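Residue-level listing of the chains:
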Amino acid sequence: TAGITDEKGREATPLPAGTNIRELGTKTQTELVGRPVKGPVYDFSPEIDTYLKEHLFGDIFSSDLLTHQERELATISALASLPAPVQLRSHLNASLNVGLSPKALREFTEILRRDVGSTEAALAQTTLDAVLAQRAAK
């Protein structure tokens, strides 16, 4: 509050009637990760798969309030600040999968350094370096 007045933003555009949110979420998750997602955690707890595909990737990521690139940059910033290096690595990969270039991500680490902190920026930069090295080795 402290004298700050923010305007409320617009509401997200509703999805077309009849949209299969699970199919949409599965498509979005696959696009972000770069491949279909599977693993033992989904066998152990199918509810996690439902939550991720229907709520996170279906409901949230289908919102047109942010692009996938904008959402990934916000996520990278938050994960570097927590810190959550394993998740940060995953989201740096997702950022590349949705079209952010290595140059743009390097520039973003400088924005983090300037506006968030040197510790957070260093984590983002070293993690980005590792992600790029791993991709180059493939």
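Scope of this entry: the structure provided in the associated data block. (Residues numbered from 1 in each chain as written. Predicted model: local features only at pLDDT ≥ 70, side-chain atom pairs only at ≥ 80, totals over all residues. Heavy atoms only, no water.)

### Things to note about helix 7 (residues 118-137)
Worth spelling out the cut-off: A run of H or I in DSSP counts as a helix once it spans at least four residues, and a run of E counts as a strand once it spans at least two, with each numbered from the N terminus. Expected span of a helix, by definition, is 1.5 Å for each gap between consecutive residues, and there is one gap fewer than residues. Only protein chains enter the area calculation, which uses a 1.4 Å probe; residues under 20% of their type maximum are buried, those over 50% are exposed, and those in between are partly exposed. The contact definition used throughout considers only heavy atoms, calling two residues in contact when any of these lie within 4.5 Å.
Here helix 7 spans 28 Å end to end across 20 residues, near enough to the 28 Å set by a 1.5 Å rise per residue. Those residues of helix 7 that sit buried are Glu120, Ala121, Leu123, Ala124, Gln125, Thr127, Leu128, Val131 and Leu132. Buried positions along helix 7 lie against helix 4 (68-81), helix 5 (85-97) and helix 6 (102-115).

### Remarks on unusual backbone geometry
At the junction of Leu82 and Pro83, the peptide bond is cis and its omega measures out at -10 degrees in the coordinates. Within the secondary structure layout, Pro83 lies in the loop between helix 4 and helix 5.

### Topic: the environment of Ser77
Inspection of the secondary structure assignment puts Ser77 in helix 4. With a relative accessible area of 19%, Ser77 lands in the buried category. Sequence separation between Ser77 and Ala124 is 47 residues; the distance between their C-alpha atoms is 8.2 Å. Residues contacting Ser77, with those up to four places away along its chain left out, are Phe108, Leu112 and Val116.

### A closer look at the nonpolar core
Our working rule: As used in this record, nonpolar core signifies buried Ala, Val, Leu, Ile, Met, Phe, Trp, Tyr and Cys residues forming a set joined through side-chain atoms within 4.5 Å.
Of all hydrophobic cores here, the largest spans 17 residues; its most connected members are Ile76, Leu88, Leu92, Leu96, Leu105, Leu112 and Leu128. Of all the secondary structure elements, the ones that give two or more residues to this core are helix 4, helix 5, helix 6 and helix 7. A total of six residues in this core trace back to one element, the largest contributor, which is helix 7. Residue contacts for Leu112: discarding those within four places in its chain leaves Ser77, Gly117, Ala121 and Ala124. In terms of nonpolar packing, the next biggest core, distinct from the first, is built from eight residues, Val37, Phe57, Phe61 and Val98 among them.

### Remarks on the packing of aromatic side chains
The description of two aromatic rings rests on the distance between their centres and on the angle between their planes. What counts is decided by this rule: Think of it this way: a Phe, Tyr or Trp ring, Trp meaning its six-membered ring, pairs with another when their centres are within 6.5 Å, and the plane angle makes it stacked under 30 degrees, edge-to-face over 60, tilted otherwise. Charge over a ring is defined by NZ of Lys or CZ of Arg lying within 6 Å of the ring centre and within 35 degrees of the ring normal.
According to the stated counting rule, one finds one aromatic pair in the structure shown. Judged by centre distance (5.2 Å) and plane angle (35 degrees), the ring pair of Phe57 and Phe61 falls under tilted. The cationic tip of Arg71 hangs over the ring face of Phe61; the distance from NZ or CZ to the ring centre is 5.1 Å.

### Focus on the pattern of salt bridges
This is how the line gets drawn: The salt bridge criterion pairs a side-chain nitrogen of Lys or Arg with a carboxyl oxygen of Asp or Glu, the two atoms within 4 Å.
Counted under the stated rule, the structure contains eight salt bridges. A salt bridge links Lys103 to Glu107, with the shortest nitrogen-to-oxygen separation between them at 3.4 Å. Taken together, the residues Lys103 and Glu107, both in helix 6 and four residues apart, mark about one turn of the helix. The class of Lys103 is exposed, set by a relative accessible area of 59%. Put simply, Arg114 and Asp115 hold a salt bridge, and the shortest N to O gap is 2.9 Å. Overlapping salt bridges bring together Arg22, Asp49, Lys53 and Glu54 as one network.

### Some points on the environment of Glu72
With respect to the helices and strands, Glu72 occurs in helix 4. The class for Glu72 is buried, based on a relative accessible area of 1%. Taking the C-alpha atoms as reference points, Glu72 and Ser95, 23 residues apart in sequence, are found 5.8 Å from one another. Beyond its immediate stretch of four places on either side in the chain, Glu72 contacts Leu32, Phe61, His91, Ala94, Ser95 and Val98.

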